[in-house]
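Chain and residue survey
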Amino acid sequence: MRRGTVPAALGTVAFLVALALAGGSRGLALYGYVLFLALLALAALAAAVRTSATGIPRAEQLLSHRPEPSARVPQLEALAGRLAGGRANAFDLHDRLRPLVREIAASRLARRHGVDLARRPERARAILGPRTWDLARPDREPPEDRFGRGLQGRELERLVDELEAI
């Protein structure tokens with residue numbers, strides 16, 4: 001038995017009872033029955049659309065499910081610590097910031113230019129900017145004056161710009 005036949009049969013029985021009891025206002029019973037049949041037809045249409053659209057994902061599935069970022073990002077805190085240390089003095093610049101600059105420069109040189117920083121330093125120097133090369137070059141020695149000046153605000157911004165441009 002089909003899904004809509006039981007409600008339709010019950011609606012028809014209710015209509016016949018209402019018609020018998022209505023007396024002179026049979027038109028109102030007829031309008032109610034027509035409205036009921038229209039509602040059944042609409043429900044059947046909605047069910048047909050729902051079953052034919054099984055291959056279409058629901059709206060919730062189309063939205064990306066990105067996890068909420070945590071308040072603290074350890075890598076960002078470590079980077080901020082290295083950058084702050086690089087501004088402190090020349091030794092911290094060499095000891096803390098230099099390895100990070102070298103890692104970023106080597107990665108970008110290899111990925112975008114096919115250049116190995118350690119094997120082809122002359123080609124790397126041509127691609128890198130002067131600040132980046134000064135920190136990333138393989139033969140860089142620790143500073144003699146450990147408490148000398150490190151990179152300051154604008155110089156640090158230029159270094160980041162050079163790294164982004166690689």
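This is a predicted model, so every value here is computed, not measured. Numbering of residues begins from 1 in every chain and follows the order in which that chain's sequence is written. In keeping with the predicted nature of the model, local features appear solely for residues at pLDDT of at least 70, side-chain atom pairs appear and are counted solely at 80 or more, and the whole-chain, interface and lining totals rest on all residues. Values reported for side chains reflect all heavy atoms of the structure, with hydrogen atoms and water molecules removed beforehand.

Regarding the environment of Arg108
Tracing the sequence through the fold places Arg108 in helix α5 (residues 90-113). In this structure the C-alpha to C-alpha distance between Arg108 and Leu163, which are 55 residues apart in sequence, comes to 8.2 Å. Helix numbers and strand numbers start at the N terminus; a helix is a DSSP run of H or I with at least 4 residues, a strand a run of E with at least 2.

A closer look at a nonpolar patch on the surface
A cluster of nonpolar residues, Val13, Val17 and Leu21, forms a patch on the protein surface that exposes about 310 Å² of accessible area. Relative to the assigned elements, Leu21 resides in helix α1 (residues 5-22). The exposed category is assigned to Leu21, whose relative accessible area is 71%. Like-charged residues within 9 Å of one another, or nonpolar side chains (Val, Leu, Ile, Met, Phe, Trp, Tyr) within 5 Å, are grouped into patches, provided each residue has over 30% relative accessible area and no salt bridge. Methods summary: accessible areas were calculated by the Shrake-Rupley approach with a probe of 1.4 Å, and residue burial reflects only the protein chains presented. A carboxyl oxygen of Asp or Glu within 4 Å of a side-chain nitrogen of Lys or Arg is what we treat as a salt bridge. The rule is simple: take the accessible area with a 1.4 Å probe, protein chains only, and divide by the maximum for that residue type; under 20% is buried, over 50% is exposed, in between is partly exposed.

Re the packing of aromatic side chains
Centre-to-centre distance and the angle between the planes together describe a pair of aromatic rings. To pair, rings of Phe, Tyr and Trp, with the six-membered ring standing in for Trp, must have centres within 6.5 Å; the planes then decide the type, stacked if under 30 degrees apart, edge-to-face if over 60, and tilted in the middle. Counted by the stated rule, this structure contains one aromatic pair. Taking 4.4 Å as the distance between ring centres and 20 degrees as the angle between the ring planes, the aromatic pair formed by Phe15 and Tyr33 counts as stacked. Taken as a pair, Phe15 in helix α1 and Tyr33 in helix α2 (residues 26-52) lie far apart in primary sequence, 18 residues in all. Like Tyr33, Phe15 is buried.

So, α1
Over its 18 residues, α1 extends 25 Å from the first C-alpha to the last, a length consistent with the 26 Å expected when each residue adds 1.5 Å. Immediately beyond the C-terminal end of α1, within one or two residues, lies Gly23, with a positive phi of roughly 70 degrees. To estimate how far a helix should reach, multiply one less than its number of residues by 1.5 Å.

Quick notes on the pattern of salt bridges
Taken as a whole and judged by the stated rule, the model has five salt bridges. The partner of Arg149 in a salt bridge is Glu155, with the nearest N and O atoms 3.0 Å apart. A relative accessible area of 57% means that Arg149 is categorised as exposed. What you see here is one network of salt bridges that share partners, running through Asp134, Arg137, Asp139 and Arg140.

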